[in-house]
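Here is what each chain is made of, one letter per residue.
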Amino acid sequence: MKTPVEKWGEALGKAVKRTAAQMSGPKEAPKMYRTNLRDVPTVQGLKRDDGWVDMQVQFLIDKKTAGADHVVGWTVLKPGARHENHRHHNCDEFFIVLKGHGTIYTDTGEKPSGEGDVVYSPRGCWHGFNNTSNEDVVLVWGWMGAGSIEASGYEVHPESHKS
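Rules used throughout
- Residues numbered from 1 in each chain as written.
- Predicted model: local features only at pLDDT ≥ 70, side-chain atom pairs only at ≥ 80, totals over all residues.
- Heavy atoms only, no water.
- Buried < 20%, exposed > 50% of the residue type's maximum accessible area, 1.4 Å probe, protein only.
- Helix = DSSP H or I, 4+ residues; strand = E, 2+ residues; numbered from the N terminus.
- Pairing = 2+ DSSP bridges.
- Phe/Tyr/Trp six-rings, centres within 6.5 Å; stacked < 30°, edge-to-face > 60°.
- Core = buried A, V, L, I, M, F, W, Y, C linked by side-chain atoms within 4.5 Å.
- Contact = heavy atoms within 4.5 Å.
- 1 Å grid on protein atoms, 1.4 Å probe; cavity = no way out; pocket = protein on both sides within 12 Å on 5 of 7 lines; lining within 4 Å.
- Points joined across faces, edges and corners; volume = space filled by probe spheres on them.
- Nonpolar A, V, L, I, M, F, W, Y, C, P; charged D, E, K, R; others polar.

Remember that side chains alternate between the two faces of the sheet whenever the strand is regular. Judged by how many residues are buried, strand β1 (residues 52-61) sits mostly within the fold: seven of 10 residues are covered. Looking at chain direction, β1 and strand β2 (residues 70-88) are connected through eight bridges and run antiparallel. Bridging from a neighbouring strand, Phe59 pairs with Gly73 of β2.

This brings us to the packing of aromatic side chains. Tallied over the entire structure, the rule returns five aromatic pairs. Geometrically, the ring pair formed by Trp52 and Tyr154 is stacked, given 5.3 Å between the ring centres and 25° between the ring planes. Highlighted residues: Trp52 in strand β1 and Tyr154 in strand β9 (residues 154-156), separated in sequence by 102 residues. Ring geometry for Phe59 and Trp141: centres 5.7 Å apart, planes at 80°, overall edge-to-face. In this pair, Phe59 sits in strand β1 while Trp141 sits in strand β8 (residues 137-144), placing the two residues 82 residues apart along the sequence. Cluster of aromatic residues (ring-pair linked, three or more members): Phe59, Trp141 and Trp143.

Further remarks concern the nonpolar core. Within the largest apolar cluster, 20 residues are counted, with the highest numbers of intra-cluster contacts made by Leu77, Phe95, Phe129, Leu139 and Trp141. Put simply, the parts of the chain that give this core at least two residues each are β1, β2, β3 (92-99), β8 and β9. Once residues lying within four places of it in the same chain are set aside, the contact partners of Leu139 are Gly73, Trp74, Thr75, Leu77, Phe95, Ile96, Val97 and Phe129.

As a further point, take empty space enclosed by the protein. Under the criterion given, the structure shown has one cavity of 30 Å³ or more. Every residue lining the largest cavity is counted, 15 residues in all, and those nearest its centre are Met55, His83, Glu93, Leu139 and Trp141. Of all the elements in the fold, those that place two or more residues in the lining of the largest cavity are β1, β2, β3, β7 (127-130) and β8. Per-element accounting of the lining of the largest cavity gives the leading share, four residues, to β2. Residue composition of the lining of the largest cavity, by class: eight nonpolar, six polar and one charged.

Estimates place the volume of the largest pocket at around 310 Å³. Mapped by element, the contributors of at least two residues to the lining of the largest pocket are β1, α2 (63-66) and α3 (149-152). Among the elements that make up the lining of the largest pocket, the one with the highest residue count is α2 (three residues). The residue inventory of the lining of the largest pocket, partitioned by class, reads seven nonpolar, five polar and five charged.

All we've got here are geometric facts, nothing functional implied.
Shown next, in the form of structure tokens:
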């Protein structure tokens, strides 16, 4: 068991090390990150069985490309494509329907959704999108609190269609 003086000495030592680390050398100023849709490849390896049904997905900003602790993405859903009902345990998600229409998956079933809709799903909330139309649906979306799919805590609903 440590004496109060030993505990105090340990705490002081940690504080001095932390201060020295902060003072050693100038910190780099934050740098802007810029990209263009044309320059970002589609994400490969998204499996149908994991709820990614015929989707074209791009991670425009993420941990890998910009060092960000969030993701901004772009998705095109061709007619019949869908992102099955899913949730994220470690981040919130939003999406904006820029073009087209279909249905969104909600806790109470499927609801119509179309151009101009802005949808917010807090972490743990089931959600998804199904393009039920004959035209492309374009979504811009983001995860707040996770810079990658692995960090997001992604889980597809056990009763998803999987067809």
